[in-house]
Amino acid sequence: MVRRNPRSQPQGDRTVKSAVETLNPTRVRLTVEVPFEELKDSLDAAYKKINQQVTVKGFRKGKVPARVIDQRFGRGAVLEEAVNDALPKFYTDAVNEAELNPLGQPEVDITELKDGETLNFTAEVDIRPAIEIPDYSGIEVEVDAVEVTDEDVEKSVEQLRERFASTSPVERAAEDGDVVTIDLEAKVDGEVLEDGVANGVSYTIGSGELLDGIDDAVKGLEAGGEATFTSELKGGSAAGKEAEVTVKVSQVAARELPELDDEFAQLASEFDTLEELKADSRKRLENMKQYDQATQAQERVLEKLLELVEVPVPEKLLEDEINTRKHNLEHHQLGQMGLDLAKYLEIQGKTEEEFETETREAAVKGIKTQFVLDELVKQEKLNVNQEELTEHLMRRAASSGMSPDQFAQAVVEQGQVPLLVGEVARGKALASVVEKATVKDTNGEIVDLEDEEEDEATESAEATESAEGAEQAGATESAAEEKTEG
């Protein structure tokens, strides 16, 4: 399908003409014809720029006539400079007149350039697909019921009790649960690693916080005892390699847990009695499960919504999103843990093919989510006020480990405010869908999510802002905080 969009501003009896050809639901080709007169400003700018860059004997700097520049450096150089200057404007005009929503950068091809006559070019670009949102008021989902058992409460209190445990040295062999002070030395191929020595390390036997095999090695050792075992290193310069590790115990200490009584409640909390502490623990657990329930509800409502809507995904945008997700995983998340992709897949028990499939599915879902929620924002005419943006910024700052002021400054400096506004707006859009959905728990009871819907929906929408990065820059980004860290 081709439609023409002649510009309304004529130049004599000639105008810039453009036509749009739909290649598929997410890609178009613009054909633009530009009368040469429209290049005058860009030609003047090209001569001025070249004038500032060249020196010609007999002429002052910046005063070289155009005809001399043509003779010395070629008219072609001037035309190239002028066209490079003018193309973005003519492309943008054609996009605006056709009312397109381009994604990323166009692929431009100059099909004809006749000096003094015309400039013709084509531009292929991905566009946001047209999306129709059907009636979603009938969405129904099931979520886990909020149930806190006595066992849950006892476990929570026991964890608090563990935090207040004390230790005292003992003169016996180390046992499960003991805290040992140890020195470690790791060798690979018989050589001690530069970062393979650690002294005075405190370790709780059975915690699993150090190397595989260390529990069996230290159990049964008294202070002064040592053992050697083989383990795969989890980090450092030889991460992933088998090492011979020597461990020497300098102290064995037994952990002593406080009695579960009112005195403990006063020590570990603001409460006077153990029963008050347990009641507070129950309330906290209920709040956590309600939070999880709200998260589950918005995730399942979103899945149902996406099933109702046909959303074509631009292939170039999808490939950019997949590549960005891989890059962020390998160079940010895994890099910080001292792992590479192969080791990560081994730990996860996944093949490379499974990883590729999962990454593509997640990227498709992220892009579809943004497109659908953005369409809902437009249909519902949802706006974001300053208070909502500030609250969202505070949450994002907390999750990124930055202060609100630092995060806000970085966001402003890097022009990311529109991304944050988009996240909040999409969150409000999803909240409106959840509000109209029927949510029941596994007991068949209707769940009233109240104000938690909007907060949860906002946080869910944050996972989709990477697609917006692709739309604006031609390549996706992972998350606003990653951009600010960079």
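Residues numbered from 1 in each chain as written. Predicted model: local features only at pLDDT ≥ 70, side-chain atom pairs only at ≥ 80, totals over all residues. Heavy atoms only, no water.

- By the naming in an unreviewed UniProt entry, the protein chain is Trigger factor, taken from Streptomyces caelestis.
- Per UniProt, the protein chain carries the Sequence similarities (unreviewed entry) text "Belongs to the FKBP-type PPIase family. Tig subfamily."
- Within the UniProt record for the protein chain, the comment given under Catalytic activity (unreviewed entry) is "[protein]-peptidylproline (omega=180) = [protein]-peptidylproline (omega=0)". (UniProt positions renumbered as here; feature names shortened; annotations may be inferred.)

1. Some thoughts on the overall build of the protein chain
Piece 1. Secondary structure assignment for the protein chain yields 16 helices and twelve strands.
Piece 2. Out of the 486 residues belonging to the protein chain, those deemed buried represent 42%.
Piece 3. In the protein chain, 68% of the contacts between residues at least 6 apart in sequence involve partners at least 24 apart.
Piece 4. On the protein chain, roughly 27100 Å² of surface is accessible, and the fraction owed to carbon and sulfur atoms is 44%. (Helix = DSSP H or I, 4+ residues; strand = E, 2+ residues; numbered from the N terminus. Buried < 20%, exposed > 50% of the residue type's maximum accessible area, 1.4 Å probe, protein only. Contact = heavy atoms within 4.5 Å. Areas by Shrake-Rupley, 256 points an atom, 1.4 Å probe, with all protein chains shown as cover.)

2. Observations regarding the pattern of salt bridges
Piece 1. Tallied over the entire structure, the rule returns 33 salt bridges.
Piece 2. A salt bridge links Glu 375 to Lys 378; the nearest nitrogen and oxygen atoms lie 3.6 Å apart. Here Lys 378 and Glu 375 lie together in helix α10 (residues 352-380), a separation of three residues that amounts to about one turn.
Piece 3. Residue classification places Lys 378 among the exposed positions, given a relative accessible area of 56%.
Piece 4. Glu 388 is paired through a salt bridge with Lys 428; the nearest N and O atoms lie 3.1 Å apart. (Salt bridge = Lys/Arg side-chain N within 4 Å of Asp/Glu carboxyl O.)

3. What to know about helix α8 (residues 315-337)
Piece 1. Taking 1.5 Å of rise per residue, 23 residues should cover 33 Å, and α8 covers 32 Å from first to last C-alpha, within 8% of that figure.
Piece 2. The largest bend along α8 reaches roughly 35° and is located at Leu 329.
Piece 3. Within α8, burial applies to Leu 317, Leu 318, Asp 320, Glu 321, Ile 322, Thr 324, Lys 326, Asn 328, Leu 329 and Leu 334.
Piece 4. Downstream of α8 by a residue or two, Gly 338 has a phi angle that is positive, lying close to 70°. (Expected span 1.5 Å × (residues − 1). Bend = angle between axes of the 7 residues up to and from the residue.)

4. A look at the nonpolar core
Piece 1. Judged by nonpolar contacts, the single largest core of 35 residues is most densely connected at Ile 139, Leu 305, Val 372 and Leu 376.
Piece 2. Take this core: its biggest share by element is seven residues, from α10.
Piece 3. In contact with Leu 305, other than residues within four places in its own chain, are Tyr 136, Ile 139, Val 372, Leu 373, Leu 376 and Val 433.
Piece 4. One finds Val 20, Val 78, Ala 86 and Ile 127 within the second-largest nonpolar core, a separate group that totals 34 residues. (Core = buried A, V, L, I, M, F, W, Y, C linked by side-chain atoms within 4.5 Å.)

5. As for helix α9 (residues 341-348)
Piece 1. Within α9, the full set of buried residues consists of Leu 341, Lys 343, Tyr 344 and Leu 345.
Piece 2. The elements touched by buried residues of α9 are β10 (226-232), α8 and α10.
Piece 3. Downstream of α9 by a residue or two, Gly 349 has a phi angle that is positive, lying close to 70°.

6. Looking at the pairing of strand β9 (residues 191-204)
Piece 1. Pairing of strand β8 (residues 179-188) with β9 involves eight bridges; the strand directions are antiparallel. Note that in β9 the partner of Lys 187 across the bridge is Val 192.
Piece 2. Remark: two residues form the turn of the hairpin made by β8 and β9, two consecutive strands paired antiparallel; Asp 189 in that turn has positive phi of roughly 55°. (Pairing = 2+ DSSP bridges.)

7. What about unusual backbone geometry?
Piece 1. Phi is positive for Glu 99, which is not a glycine, with a value near 55°.
Piece 2. Here Glu 99 lies in the loop between α3 (75-97) and β4 (102-114).
Piece 3. For Glu 99, a relative accessible area of 71% puts it in the exposed group.
Piece 4. Even without a glycine there, the phi angle at Lys 381 is positive, about 55°.

8. Some points on the environment of Leu 193
Piece 1. Note on placement: Leu 193 falls in strand β9.
Piece 2. By relative accessible area, which is 16% here, Leu 193 ends up buried.
Piece 3. Counting along the chain gives 50 residues from Leu 193 to Ala 243, while the straight-line C-alpha distance between them is 9.5 Å.
Piece 4. Aside from chain neighbours lying at most four places away, what touches Leu 193 is Ala 186, Val 188, Leu 233, Ser 237 and Ala 238.

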